Amino acid sequence: MNIQVLSDHKLSAVVPLKPYSHVEKKDVELILVKDLNGVQYTSSSIIPAPDAFSHSATSPSGDQDREIWGKKLDFLLSVIGFAVDLANVWRFPYLCYKNGGGAFLIPYTLFLLIAGMPLFYMELALGQYNREGAATIWKICPVFKGVGYTVIVIALYVGFYYNVIIAWSLYYLYSSFTNELPWFRCGNVWNSPNCTDPQRANISCLGNGTMYSKCKNTPAAEFYERGMLHLHESEGIHDLGLPRWELSLCLVVVVFILYFSLWKGVKSSGKVVYITATMPYVVLFVLLIRGVTLPGAIDGIKAYLHIDFKQLNNPTVWIDAATQIFFSLGAGFGVLIAFASYNKFDNNCYRDAILTSTVNCVTSFFSGFAIFSVLGYMAYKHGVKIEEVATDGAGLVFIIYPEAISTLPGSTFWAIVFFIMLLTLGIDSSMGGMEAVITGLTDDFKFLKRNRKVFTFVIAFGTFLVALCCITNGGIYVVTLLDTYAAGTSILFGVLIEAIGVSWFYGVDRFGEDIERMMGFKPGLYWRLCWKFVSPAFLLFVVIASIVTAPGLKYDEYVFPPWSNAVGWIIAMSSMLFVPVYAIYKFFSIPGSFKQRLAYCITPEHEHHLVAEGSVRQFKVQHWLAI
């Protein structure tokens, strides 16, 4: 069959020269006649028949008009920027130090190889092949579409409080533009009568058995809790108060940055990450060079790298390594699927997965040197052991590290670059989460895609409104609750179901064939075994561990009331319930017998004609045994 395409500056008509009446599929010849300035240009090309493989040689989604990344580097920096976040700086170094130093790298690297990288690779391949967001990729197994909604809702929940932490960084950045940093000494309007000079605080805190990192009367600690959070004006989570206007302004700035980074899709966000994804590396390197020149820095680095193999006998070390590698890489939030869906169909996502996951983990390890060189200096300055000043989370980046910076010559400069690093670490990670929500829903509801700019504004403004409860006097309690429950067990559960859906119901062999269509080679046996057996087992282990080891909610000495834990589990269940609820809905919305309904639920949509013919692959033993 020949088709002639006539165009005047653009394709305008498709005219069949001969009717197609053969059962056998033929190659198609396209003849392009283009008129430009009175001169006709003619070209032709042969397009293979669509059954060159088992089905279309291009993306099965049929979305040939989908936008793609402007450059390959846009995609790589976006993935790295999302995966490398605040946790790489404030959590991994402390975990490594606490769990045996260099010995911790053994379980960490093991879980990276058998679970982290395979899951990372799986999500990139899923998104790139199907060219869909987290919900609509489940055309490959319709009954699992609820998993897509689960991860979208979780990504939305995380945005509620993660943007607040970025706003804190912006507040600290603004406060750093002074000759003397406001957390250097007492005597400010926010300081309490108990505020104590850091040298004297060392004596008073250690005298009552409190570690220096937990001391609440230092100028740095009081600036964080009293100057910024106004925590002293709240009695608990039941007493939130009104939003702080200073933090509200910071949050507005953060939301505006996110909106204007995302409103045009990957064409705009792909350019922003050239700054947000690279800046942290520049700052980390500068901080490391400055840190190693400080007295006591070598002792801090030695403490970070000390090797204690006895710690490997402690199950907590393995649980910490498993949870850290999972949350560090960011699988399961729908972000990797969304980003990869804008790739070219034949992009080598295998190489991308290896590169970006390795860069993420090396960054975590590298950041430990910048952190512990300064912690060593703090320990030297106060005459205490490293364990007295070592901590993680907000206490590290908003209290201990700023206090250390305030004692250095040129402290204003060092504070500005440090908080710029925190700001950029947070921005591109938050961009990834919002893109997962936007892509996931616009792919599912086409009217939203036609109005992307408006929908992006609605999402950004919606997260701002909810986040207002996190910048009240008791907002830190809301942040703690959301951080514990919004993306804890629920995201682990979501990825476990995702891994089972892809590897078992869709079939790891069929998934491998999809990858071969894209890149020309099948994934090796190692990857297929990890996807089918190791990764689901790993995720099941982490889910159980997260439930068994989950302590009651606490913020320092404040113990949350029982009802707040119930609210936390309601938040967690509100996302997880999409999996069974949608499965039930899908099953009963399909006409037919029980067997027919089940067949349609677990068969890819492009193979539904086989169900009508009575050929259901999942009803055969070979499907479940295939690798």
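The preceding data block contains the structure.
Figured I'd write up the structure that's included with this text. Computed from a prediction, not measured in an experiment: that's the story for all the values here. (Residues numbered from 1 in each chain as written. Predicted model: local features only at pLDDT ≥ 70, side-chain atom pairs only at ≥ 80, totals over all residues. Heavy atoms only, no water.)

### Focus on the overall build of the protein
Thought 1: When helices and strands are tallied, the protein shows 27 helices and six strands.
Thought 2: Within the protein, the proportion of its 627 residues that are buried is 58%.
Thought 3: The contacts of the protein with a sequence gap of at least 6 include a subset with a gap of at least 24, amounting to 80%.
Thought 4: Surface summary for the protein: the accessible area is close to 26,400 Å², and the carbon and sulfur share equals 66%. (Helix = DSSP H or I, 4+ residues; strand = E, 2+ residues; numbered from the N terminus. Buried < 20%, exposed > 50% of the residue type's maximum accessible area, 1.4 Å probe, protein only. Contact = heavy atoms within 4.5 Å. Areas by Shrake-Rupley, 256 points an atom, 1.4 Å probe, with all protein chains shown as cover.)

### Thoughts on the nonpolar core
Looking at soluble globular proteins, one finds that nonpolar side chains tend to be buried together.
Thought 1: Judged by nonpolar contacts, the single largest core of 199 residues is most densely connected at Trp-168, Tyr-224 and Phe-398.
Thought 2: If one sorts the elements of this core by residue count, helix α5 (residues 145-175) sits on top with 21 residues.
Thought 3: The contact partners of Trp-168, leaving out residues within four places of it in the chain, are Tyr-224, Met-228, Leu-229, Leu-247, Phe-398, Ile-476 and Val-479. (Core = buried A, V, L, I, M, F, W, Y, C linked by side-chain atoms within 4.5 Å.)

### Topic: the packing of helix α8 (residues 245-262) against helix α9 (residues 266-276)
Thought 1: Between α8 and α9, whose axes approach to 6 Å, the crossing angle comes to 120°. The pairing of α8 with α9 is recorded here as oblique in orientation. Every residue of α9 that contacts α8 at Phe-260, Ser-261 and Leu-262 is listed here: Ser-268, Ser-269 and Val-272.
Thought 2: Residue composition of the contact of α8 with α9, by class: three nonpolar, three polar and no charged. (Axes fitted to C-alpha atoms, helices over the stretch in contact; angles between N-to-C directions. Parallel < 35°, antiparallel > 145°, perpendicular 65-115°, else oblique. Nonpolar A, V, L, I, M, F, W, Y, C, P; charged D, E, K, R; others polar.)

### A word on helix α1 (residues 72-83)
Given 3.6 residues to a turn, an α-helix orients residues that are three or four positions apart in the same direction.
Thought 1: Compared with an ideal rise of 1.5 Å per residue, which puts twelve residues at 16 Å, α1 spans 17 Å between its outermost C-alpha atoms and is within 8% of the ideal.
Thought 2: For α1, a buried count of ten out of twelve residues is recorded, marking the element as mostly surrounded by other parts of the structure.
Thought 3: If you check which residues of α1 are buried, you get Asp-74, Phe-75, Leu-76, Leu-77, Ser-78, Val-79, Ile-80, Gly-81, Phe-82 and Ala-83. (Expected span 1.5 Å × (residues − 1).)

### Comments concerning the environment of Lys-310
Thought 1: With respect to the helices and strands, Lys-310 occurs in the loop between α11 (297-305) and α12 (315-329).
Thought 2: Classification of Lys-310 as exposed rests on a relative accessible area of 69%.

### Let's talk about the state of the cysteines
Any covalent bond linking the sulfur atoms of two cysteines counts as a disulfide.
Thought 1: Following the criterion strictly, the structure yields one disulfide and no others.
Thought 2: Put simply, Cys-186 and Cys-195 are joined by a disulfide, and their sulfur atoms are 2.0 Å apart. Note on the Cys-186 and Cys-195 pair: the S-S dihedral is about -80°, so by sign convention the disulfide is left-handed.
Thought 3: Judged by its relative accessible area of 15%, Cys-195 is buried. (Disulfide = S-S within 2.5 Å.)

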